Amino acid sequence: LNGFNASIVVYGQTGSGKTFTMFGKETSHHSDTNSSAYIRSKFREFNRDRGVVIRACEEVFQSIKERKSAAARNGLEYNAELSVTYVEIFGDEIIDLLD
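Residues numbered from 1 in each chain as written. Predicted model: local features only at pLDDT ≥ 70, side-chain atom pairs only at ≥ 80, totals over all residues. Heavy atoms only, no water.

J.: Outline the pairing of strand 2 (residues 93-96), supporting the account with residue identities and numerical values.
T.: Pairing between strand 1 (residues 87-90) and strand 2: four bridges, direction antiparallel. Bridge pairing in strand 2 links Phe90 to Glu93. (Pairing = 2+ DSSP bridges. Helix = DSSP H or I, 4+ residues; strand = E, 2+ residues; numbered from the N terminus.)

The following block contains the structure:
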């Protein structure tokens, strides 16, 4: 925020937990996904096991929301611009994962 750029980088051998660290636990499938107990359990699991990317996005969007609210209380308008690049580097190859 305030015009700063940021990067989240992970590095390590295959199977070392990079994906888990970045994105958290993959949700499992359940036969009754509409039950309130299932939804509550998934929400608790997601909150506990979310990764760095999810947490960083939550912080950025919360900060934007708070700044927008503060500006509105003072009769001002707040605009935010956010851009994201998501790449994978494997060996000498760079892959744009959002393309």
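J.: Residue-level account of helix 3 (residues 52-73), with values.
T.: Taking 1.5 Å of rise per residue, the 22 residues of helix 3 would be expected to cover 32 Å, and the 32 Å separating its terminal C-alpha atoms lies within 8% of that figure. Buried residues of helix 3: Ser63, Ile64 and Ala71, and no others. Relative to the axis of helix 3, the buried residues are bounded by an arc of 100° and lie together on one face. Opposite the packed face of helix 3, turned more than 90 degrees from it, sit the exposed residues Lys65, Ala72 and Arg73. Just past helix 3, the residue Gly75 takes up positive phi, approximately 75°. (Expected span 1.5 Å × (residues − 1). Buried < 20%, exposed > 50% of the residue type's maximum accessible area, 1.4 Å probe, protein only. Arc of directions from axis to C-beta.)

J.: Break down the pattern of salt bridges for me, with residues and values.
T.: Tallied over the full model, the rule gives one salt bridge. In this structure, Arg50 and Glu58 form a salt bridge, with 2.9 Å as the shortest nitrogen-oxygen distance. Here Arg50 falls in the buried class, since its relative accessible area comes to 18%. (Salt bridge = Lys/Arg side-chain N within 4 Å of Asp/Glu carboxyl O.)

J.: Can you break down the confidence of the model for the chain residue by residue, with the values?
T.: Predicted confidence across the chain gives a mean pLDDT of 81, with 79% of residues reaching 70 or more. Mean pLDDT values over the elements of the chain span from 66, in helix 2 (residues 36-49), up to 91, in helix 3. (pLDDT = per-residue confidence, 0-100.)

J.: Go over the layout of surface pockets, please, and point to the residues and values.
T.: A volume near 1,700 Å³ is recorded for the largest pocket. Elements supplying a minimum of two residues to the lining of the largest pocket: helix 1 (18-23), helix 3 and strand 1. Considering each element in turn, the lining of the largest pocket owes the most residues, seven residues, to helix 3. (1 Å grid on protein atoms, 1.4 Å probe; cavity = no way out; pocket = protein on both sides within 12 Å on 5 of 7 lines; lining within 4 Å. Points joined across faces, edges and corners; volume = space filled by probe spheres on them.)

J.: For the environment of Lys25, give the residues involved together with the corresponding values.
T.: Its location among the elements puts Lys25 in the loop between helix 1 and helix 2. For the pair formed by Lys25 and Arg48, sequence separation is 23 residues and the distance between their alpha carbons is 9.1 Å.

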